[in-house]
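# Understanding the architecture of this molecule
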Amino acid sequence: MAIVDLISTSVVRVPLKSKTKTEVIRELVDVLDKADKISDKESVFKAVIARENMGSTGLEKGIAVPHAKTEKVKNLTLAIGVAPDGVDFDALDGEKSKLFFLLLAQPNQSGPHIEALAEIARITRSQSFCRLLVNAATPEEVVELFRED
Amino acid sequence: MDGPVKKIMVYVDGTEESITAAQYGICLARATGAEFYALYIVNTRALSDLVNAKIFLQAEEEEYKNDLEHDADRYLNHIKQMAREKGVAVKTLKSSGSVNVEIKNNVNENEIDLLIIGELSKIRSRRDELYNETERAMRSVNCSVLIAKDEERIWSLYNQLV
């Protein structure tokens, strides 16, 4: 399944209101809850935090890819958040993170889960594409960028 | 067996589309008498990419690799069971590495003359064309490729086999 198939305006938050790592995760989980993609937001939040506690998914150059396996999603699910001013996500390079890809999958969906994460890794290698995403003003613009790319 | 298709291979990745492809493969194997193979690939290339990109921790790589190995056995056993119910013998194959490379290698090594794959995602961006592993395999294998579509019709065909 291509990432673009997972993205709709209902799972994109631009801009994020959160100012801390925990708040960002909470806000993206709320986005998925409102979009009716998860069945128990507290449990999903805990699963993502548990993974973060093993090591931050804040990568370099303003990208963060929090992810978790959870029974509380039916299918592979993605939320995207954009924080133009950046949030401290304990990133590897110490920089603030501006683009957040929260990916959730059922424990028995490891294949699609891994392929989706690998696609996110490939997409975020393009600094120009990431710049366009960070400068997007609305969820519609984010969705359009993925379809055009 | 003198028909035009002697060895059919279905690529299974755990998606519903690939299970439908397997059902179609079973129907075709029954109709043609071709040998039937099912292939699952543990995508260790993607796992390495994720560790290199620092998205995965080393411990996660191991955990997900085990998950994939487990999935491989589960899905291949499922296909064995489906084939057995319809009186078709199936040879299951499990490989590790890059999906498109391993599909091509297994097609060559087993002298497959028809590869069946599940329905592909709609192309919605240029990136999809570049990175869809199954589509890359479809383009690079040396044998004919069949994309199984219309899940309901295939389910009905499979169900009617006695």
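Our structure is the block above this text.
Now for a quick tour of the structure. Not measured: the values here are computed from a predicted model.

The subject of this paragraph is the overall build of chain A. When helices and strands are tallied, chain A shows five helices and five strands. Seen in sequence order, chain A has helices and strands lined up from the N terminus as β-α-α-β-β-β-β-α-α-α. In terms of overall dimensions, chain A is globule-like: its C-alpha atoms have a radius of gyration of 14 Å, near the 15 Å expected for 149 residues. By principal-axis analysis of the C-alpha atoms, chain A measures approximately 35 × 30 × 25 Å. Within chain A, the fraction of its 149 residues that count as buried is 56%.

What follows deals with the packing of helix H3 (residues 110–123) of chain A against helix H2 (residues 44–52) of chain B. Helix-helix packing: each pair is described by the crossing angle between the helix axes and the interaxial distance. Where H3 of chain A contacts H2 of chain B, the two axes come as close as 9 Å, and the packing angle between them is 45 degrees. By the angle between their axes, H3 of chain A is oblique relative to H2 of chain B. Here the hand of the crossing between H3 of chain A and H2 of chain B comes out left-handed. When H3 of chain A is examined against H2 of chain B, the residues Ile-114, Leu-117, Ala-118 and Ala-121 of chain A are found in contact with a partner set consisting of Ala-46, Leu-47 and Leu-50 of chain B.

Bringing the nonpolar core into the picture now. Of all hydrophobic cores here, the largest spans 72 residues; its most connected members are Ile-3, Leu-78, Phe-101, Val-142 and Phe-146 of chain A together with Phe-36 and Phe-56 of chain B. Among the elements that take part in this core, helix H3 (residues 58–85) of chain B stands out by supplying eight residues, more than any other. Contacts of Phe-36 of chain B, omitting those with residues within four sequence positions, involve Ile-8, Val-10, Ala-22, Gly-25, Ile-26, Ala-29, Ile-79, Val-88, Ala-89, Val-90 and Lys-91 of chain B. Residues Val-24, Val-29, Ala-64 and Ala-68 of chain A belong to the second largest nonpolar core, which totals 21 residues.

By the definition in use, this model includes 14 salt bridges over all chains. A salt bridge links Glu-63 of chain B to Lys-69 of chain A, with the nearest nitrogen and oxygen atoms 2.6 Å apart. Of this pair, Glu-63 of chain B sits in helix H3 while Lys-69 of chain A is found in strand E3 (residues 67–69), placing the two residues in two different chains. Residue classification places Lys-69 of chain A among the partly exposed positions, given a relative accessible area of 23%. A salt bridge links Glu-69 of chain B to Lys-65 of chain B, with the nearest nitrogen and oxygen atoms 3.8 Å apart. Here the residue Glu-69 of chain B and the residue Lys-65 of chain B both occupy positions in helix H3, the gap between them amounting to four residues, near one helical turn.

The next point concerns the interface of chain B and chain A. On the side of chain A, 31 residues touch chain B, which itself brings 24 residues to the contact. Summed over both partners, the interface of chain B with chain A comes to about 2,600 Å²; 55% of that surface belongs to carbon and sulfur atoms. Residue Lys-69 of chain A pairs with Asp-67 of chain B through a salt bridge whose shortest N-O separation is 2.4 Å. In this assembly, chain B and chain A are joined by seven residue pairs in polar contact (both at pLDDT 80 or more). Elements with a minimum of two residues in the side of chain B that touches chain A: H2, H3 and helix H5 (126–131) of chain B.

Rules used in this analysis
- Residues numbered from 1 in each chain as written.
- Chains lettered and ligands numbered in written order.
- Predicted model: local features only at pLDDT ≥ 70, side-chain atom pairs only at ≥ 80, totals over all residues.
- Heavy atoms only, no water.
- Helix = DSSP H or I, 4+ residues; strand = E, 2+ residues; numbered from the N terminus.
- Rg over C-alpha atoms; globule rule 2.2 N^0.38 Å.
- Buried < 20%, exposed > 50% of the residue type's maximum accessible area, 1.4 Å probe, protein only.
- Axes fitted to C-alpha atoms, helices over the stretch in contact; angles between N-to-C directions.
- Parallel < 35°, antiparallel > 145°, perpendicular 65-115°, else oblique.
- Left-handed = near helix turned anticlockwise from the far one by under 90°.
- Contact = heavy atoms within 4.5 Å.
- Core = buried A, V, L, I, M, F, W, Y, C linked by side-chain atoms within 4.5 Å.
- Salt bridge = Lys/Arg side-chain N within 4 Å of Asp/Glu carboxyl O.
- Buried area = accessible area lost by both parts, 1.4 Å probe.
- Polar contact = N/O pair within 3.5 Å; in protein donor to acceptor, adjacent residues only side chain to side chain.

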